[in-house]
Amino acid sequence: MLPALDLASLFITNSVVAGVSCVVLSVIRRHQPGLSGIGNWAAGQGAYATGFLLLYISMVDAFQRTAMPGFFFCFAGALLTSLGFHRFLGLDRRAVRLALAAFLAVLVLLPLLSLSGRPGLVIAATIAVLGSTAATNAWLLYRHGTGQLRPAALTLAAQHGAWALFALARLIYIAVAGFDRQSAVSTLAPAMLVATLMLTCHALGLVWLVVGRLQEHLVRQAATDPLTGALNRRALLARLEQERTRAARDGAGFALATFDLDHFKQLNDTHGHLVGDATLVGVVEVARHLLRPDDVVARLGGEEFCLLLPGVTGDAALALAERVRAALPRLDIISAAGPVAVAASFGVAWYGAHGDDWPSLLKAADGALYCAKRGGRNRVMAAGA
């Protein structure tokens, strides 16, 4: 026969585990202030630690005066954790208002249920709220944990999903027993034992998520220009090889457009390098806004840029380049020395007609760009025109 679980020891164990997690996440938050949501996780773990401690105290208090505050702190821990997932994954800020509304609803609901004289109903409501929050977290992580976050997100989603199913099983058991106090209390010890395992795995999963986000940042830094956020040459070449492979497999063409800002040295000399940098950033933002989601903007160096345009050749590629060119003179750059005139010359080449690799396509596009410069600047020209 298995020995009875010591509920008091489990409360203390869970409080210690959650407290350690709070400290670890707080340290990570201090050293990575740019990562959203970690502060919410740390606060959530702190709330869990406080809640379990209060539940432990209620066991040695004949009046159990700290039991209800302990439940409230556990609710706060669950909601703060869920809010942390929303912020970490960059989701809608309405979650903040929803979480606050849910917490206020619980603050009203539990005291009302406690007045009913049916403790089993209070425990069941507690389980329902925590289980619903766990199910919501599982869905958020499964749906929105992508890229480098995917392995950690799926692991955490499985944990939260398992906790939601366990909560459902407890609810069914308590409901079948008629929300009897003894039946409800009998589920606490197994739940706290499972919670010990879940809290430990959950803390490791949160750290894993942070590592995934940092890996994303490293990959992004290695692939992008630090000033404008456009792809750098190495990342552009990798993407071009992908388009070459797709073109060889599916026959889908693509175009390469190089462009150079006209009179950029004069702009720097007149307005200063800070305005010049702001102009480069603005040019990339304009291009991203006007082009399609699959199109790529890269910075080759200085004021020289490149557009990789999948799936288009000929007039369609020229039209995309023209759209960007026409928008650049409307770019609003603030300068103390007066208005900033922004214009660019474009050269466009496409796969097959003008080359089948990076050197040949770049040479063809640059040739068209130089023709545009010689022809009066601020225009788009096709290779071989």
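A quick note: this is a predicted structure, and the numbers were derived from the prediction, not measured.

**Q** Is there a simple way to explain the overall build of the chain in this structure?
**A** When its secondary structure is counted, the chain shows 13 helices and five strands. The principal-axis extent of the C-alpha atoms belonging to the chain is close to 90 × 55 × 30 Å. Burial status across the chain gives 47% buried among its 385 residues. Partitioning the contacts of the chain with sequence separation of at least 6, the portion at a separation of at least 24 is 72%. In the structure as shown, the chain presents an accessible area of about 19100 Å², 63% of it carried by carbon and sulfur atoms. Distance between charge centres in the chain, computed from 32 positive and 24 negative side chains, equals 6 Å.

**Q** How should I be thinking about helix 3 (residues 67-88) in this particular structure?
**A** Owing to its 3.6 residues per turn, the α-helix aligns residues three or four sequence positions apart on the same side. Helix length check: helix 3 (22 residues) gives 32 Å between terminal C-alpha atoms against 32 Å at 1.5 Å per residue, within 8%. For helix 3, a buried count of 17 out of 22 residues is recorded, marking the element as mostly surrounded by other parts of the structure. Looking one or two residues beyond helix 3, the residue adopting positive phi is glycine 90, at roughly 70 degrees.

**Q** Help me understand the pairing of strand 2 (residues 296-301), please; the structure alone is not making it clear to me.
**A** Residues in a regular strand project their side chains so that they alternate between the two faces of the sheet. Most of strand 2 is tucked away, with five of its six residues classed as buried. Following strand 2, the chain reverses through two residues before pairing antiparallel with strand 3 (residues 304-310); glycine 302 in that reversal takes a positive phi of roughly 60 degrees.

**Q** Explain the packing of aromatic side chains to me, please; I cannot follow it from the model alone.
**A** Any pair of aromatic rings gets described here by the distance separating the centres and the angle formed by the planes. Per the counting criterion, the structure on display carries eight aromatic pairs. Arranged with centres 5.0 Å apart and planes meeting at 40 degrees, the rings of tryptophan 41 and phenylalanine 88 form a pair that is tilted. Of this pair, tryptophan 41 sits in helix 2 (residues 38-59) while phenylalanine 88 is found in helix 3, placing the two residues 47 residues apart along the sequence. For tryptophan 41, a relative accessible area of 0% translates into the label buried. Arranged with centres 5.0 Å apart and planes meeting at 25 degrees, the rings of phenylalanine 254 and tyrosine 351 form a pair that is stacked. On the criterion of sequence distance, the pair formed by phenylalanine 254 in strand 1 (residues 254-261) and tyrosine 351 in the loop between strand 4 (344-350) and helix 13 (358-374) is long-range, its members being 97 residues apart. For phenylalanine 254, a relative accessible area of 0% translates into the label buried. An aromatic cluster is present here, built from Trp41, Phe85 and Phe88 joined pairwise through their rings. Sitting above the plane of the tyrosine 142 ring, arginine 150 keeps its charged end 5.2 Å from the centroid. Lying across the ring of phenylalanine 88, arginine 213 places its NZ or CZ 4.6 Å from the centre.

**Q** Sorry if this is basic, but what is going on with the sheet that holds strand 4 here?
**A** For sheets, the rule is that strands pair by backbone hydrogen bonds, running either parallel or antiparallel. Read across the open sheet, the five strands follow the order 2-3-1-4-5; overall the sheet is mixed. Two strands in the sheet have a free side with no partner beyond their single neighbour: strand 2 and strand 5 (380-382). Each strand axis lies, on average, 20 degrees off the axis of its neighbour in the sheet, ignoring direction. Where strand 1 lies against strand 3, seven bridges are found, and the strand directions are antiparallel.

**Q** What's the story with the environment of proline 151 in this structure? I'm lost.
**A** Relative to the helices and strands, proline 151 resides in helix 6 (residues 150-176). Expressed as a C-alpha distance, the spacing of proline 151 and glycine 212, which sit 61 residues apart in the sequence, is 8.6 Å.

**Q** Help me understand the environment of alanine 203 in this model?
**A** Its location among the elements puts alanine 203 in helix 8 (residues 188-223). The sequence separation of alanine 203 and leucine 156 amounts to 47 residues, and the corresponding C-alpha distance is 9.6 Å.

**Q** So what exactly am I meant to see when it comes to the pattern of salt bridges here?
**A** Going through the model one piece at a time under the given rule, you end up with 11 salt bridges. Residue glutamate 322 pairs with arginine 325 through a salt bridge whose shortest N-O separation is 2.6 Å. Placement of both glutamate 322 and arginine 325 in helix 12 (residues 314-327) is noted, with a separation of three residues, approximately one turn of the helix. Here the salt bridges do not stand alone but share partners, grouping Arg239, Glu243 and Arg246 into one network.

**Q** In this structure, what is going on with the nonpolar core? I would like to understand it.
**A** The nonpolar side chains of a soluble globular protein tend to be buried with one another. Core analysis: the largest hydrophobic core is formed by 34 residues, its most contacted members being Val283, Leu291, Leu307, Leu309, Leu328 and Phe346. Broken down by secondary-structure element, the contributors of at least two residues to this core are strand 1, helix 10 (264-271), helix 11 (273-290), strand 3, helix 12 and strand 4. With six residues, helix 11 is the largest single contributor of residues to this core. Look past the residues within four positions of leucine 291 in its chain and what remains in contact with it is Val297, Leu307, Leu309, Leu320 and Val324.

**Q** Which parts of the structure should I look at to understand helix 13?
**A** The terminal C-alpha atoms of helix 13 lie 24 Å apart, and with 17 residues this matches the ideal 24 Å at 1.5 Å per residue to within 8%. Along helix 13, the positions that sit buried rather than exposed are Trp358, Leu361, Leu362, Ala364, Ala365, Asp366, Ala368, Leu369, Ala372 and Lys373. Looking at the buried residues of helix 13, the elements they touch are helix 9 (233-250), strand 1, strand 2, strand 4 and strand 5. Immediately beyond the C-terminal end of helix 13, within one or two residues, lies glycine 376, with a positive phi of roughly 125 degrees.

**Q** Please clarify how the packing of helix 3 against helix 8 should be interpreted in this entry.
**A** The description of two packed helices rests on the angle between their axes and on the distance between the axes. Two elements in contact, helix 3 and helix 8, have axes whose closest approach is 13 Å; the angle formed by their N-to-C orientations is 15 degrees. The angle between the axes of helix 3 and helix 8 places the two elements in the roughly parallel class. The interaxial crossing formed by helix 3 with helix 8 has left-handed handedness. Packed against helix 3, whose contacting residues are Thr81, Phe85 and Phe88, the element helix 8 presents His202, Leu206, Leu209, Val210 and Arg213 at the interface. For the contact of helix 3 with helix 8, the residue count by class is five nonpolar, two polar and one charged.

Cut-offs applied
Starting from 1, residues in each chain are numbered consecutively following that chain's sequence as written. Only residues with pLDDT of at least 70 are given local features in this predicted model, and only at 80 or more are side-chain atom pairs given and counted; all residues enter the totals for whole chains, interfaces and linings. Excluded from the side-chain calculation are hydrogens and water; included are all heavy atoms of the structure. Numbering of helices and strands runs from the N terminus; a helix is a DSSP stretch of H or I covering at least four residues, while a strand is a stretch of E covering at least two. Note on exposure labels: buried denotes an accessible area under 20% of the residue type's maximum, exposed denotes more than 50%, and partly exposed covers the range between, all computed with a 1.4 Å probe on protein chains only. Contacts were defined at the residue level, with two residues in contact if any of their heavy atoms lie within 4.5 Å. Computed with a 1.4 Å probe, the accessible areas rest on the Shrake-Rupley method; for each residue, only the protein chains presented here act as cover. Counted as positive: Lys and Arg. Counted as negative: Asp and Glu, with His and the chain ends omitted from the count. For the purpose of locating charges, the reference atoms are NZ of Lys, CZ of Arg, CG of Asp and CD of Glu. For a helix, the expected span equals 1.5 Å multiplied by the residue count minus one. Note on pairing: two strands pair once DSSP finds at least 2 bridges between them. Each aromatic pair joins two rings of Phe, Tyr and Trp (for Trp, the six-membered one) with centres within 6.5 Å, and gets the label stacked for planes under 30 degrees apart, edge-to-face for over 60, and tilted for any other angle. Lysine NZ or arginine CZ positioned within 6 Å of the ring centre and within 35 degrees of the ring normal marks a charge as sitting over the ring. Interaxial angles span 0 to 180 degrees and are taken between N-to-C directions of axes, which are lines fitted to C-alpha atoms, for helices over the stretch in contact. Think of a salt bridge as a Lys or Arg side-chain nitrogen and an Asp or Glu carboxyl oxygen that are within 4 Å of each other. Definition of nonpolar core: a set of buried residues of the types Ala, Val, Leu, Ile, Met, Phe, Trp, Tyr and Cys, connected through side-chain atoms within 4.5 Å. Here is the rule for angles: anything less than 35 degrees is roughly parallel, anything more than 145 is roughly antiparallel, 65 through 115 is roughly perpendicular, and the remaining ranges are oblique. We call a crossing left-handed when the near helix sits turned anticlockwise from the far one by less than a right angle, and right-handed when that turn is clockwise. Any residue that is not Ala, Val, Leu, Ile, Met, Phe, Trp, Tyr, Cys, Pro, Asp, Glu, Lys or Arg is counted as polar, Gly included; the first ten are nonpolar and the last four charged.

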